[in-house]
Amino acid sequence: MTDTMEAVREVLIDSLELKQSPMDLTPATELFGALPELDSFGVVTLVGALEDRFDITIDDDEFGADLFETVGSLTEYVDAKRGAA
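Summary of the structure given here. (Residues numbered from 1 in each chain as written. Predicted model: local features only at pLDDT ≥ 70, side-chain atom pairs only at ≥ 80, totals over all residues. Heavy atoms only, no water.)

## A few points about the packing of aromatic side chains
Scanning the model with the defined rule gives 0 aromatic pairs in all. Against the face of phenylalanine 54 rests arginine 53, its NZ or CZ located 5.1 Å from the ring centre. (Phe/Tyr/Trp six-rings, centres within 6.5 Å; stacked < 30°, edge-to-face > 60°. Lys NZ or Arg CZ within 6 Å of the ring centre and 35° of its normal.)

## Concerning the nonpolar core
One finds Leu12, Leu38, Leu46, Leu50, Phe54, Phe68 and Leu74 to be the most contacted residues of the largest nonpolar core, which totals 25 residues. Breaking this core down by element, the ones donating at least two residues are helix 1 (3-16), helix 2 (40-54) and helix 3 (71-82). Take this core: its biggest share by element is 7 residues, from helix 1. Residue contacts for leucine 74: discarding those within four places in its chain leaves Val8, Leu12, Leu31, Leu46, Leu50, Leu67 and Phe68. (Core = buried A, V, L, I, M, F, W, Y, C linked by side-chain atoms within 4.5 Å. Buried < 20%, exposed > 50% of the residue type's maximum accessible area, 1.4 Å probe, protein only. Helix = DSSP H or I, 4+ residues; strand = E, 2+ residues; numbered from the N terminus. Contact = heavy atoms within 4.5 Å.)

## Some details on the packing of helix 1 against helix 2
At a minimum axis separation of 9 Å, helix 1 and helix 2 run at an interaxial angle of 135 degrees. As summarised for this structure, helix 1 and helix 2 are arranged oblique, according to the angle between their axes. Considering how the two elements wind past one another, helix 1 and helix 2 form a crossing that is right-handed. Residues Thr4, Ala7, Val8, Val11, Leu12, Ser15 and Leu16 of helix 1 form the contact with helix 2, whose own contacting residues are Gly42, Thr45, Leu46, Ala49, Leu50, Arg53 and Phe54. (Axes fitted to C-alpha atoms, helices over the stretch in contact; angles between N-to-C directions. Parallel < 35°, antiparallel > 145°, perpendicular 65-115°, else oblique. Left-handed = near helix turned anticlockwise from the far one by under 90°.)

Okay, structure coming up:
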């Protein structure tokens, strides 16, 4: 498990107030459409938390279901934005 994955899981749990533990969120865990907490307001909250935590900017044209498809896809995106991929 990467450091980014650990941090993304923490941001997901904290920003969306999930009941899951970090270990419950695997790279294959589905997000958008699977988590009721990830509605339109949840997406805005999550994006703000990710931008703050990782010091990145997520542009409006980067929003899409594929970005929030799984914990793994979100982690890969964050890594790419940070230049670590």
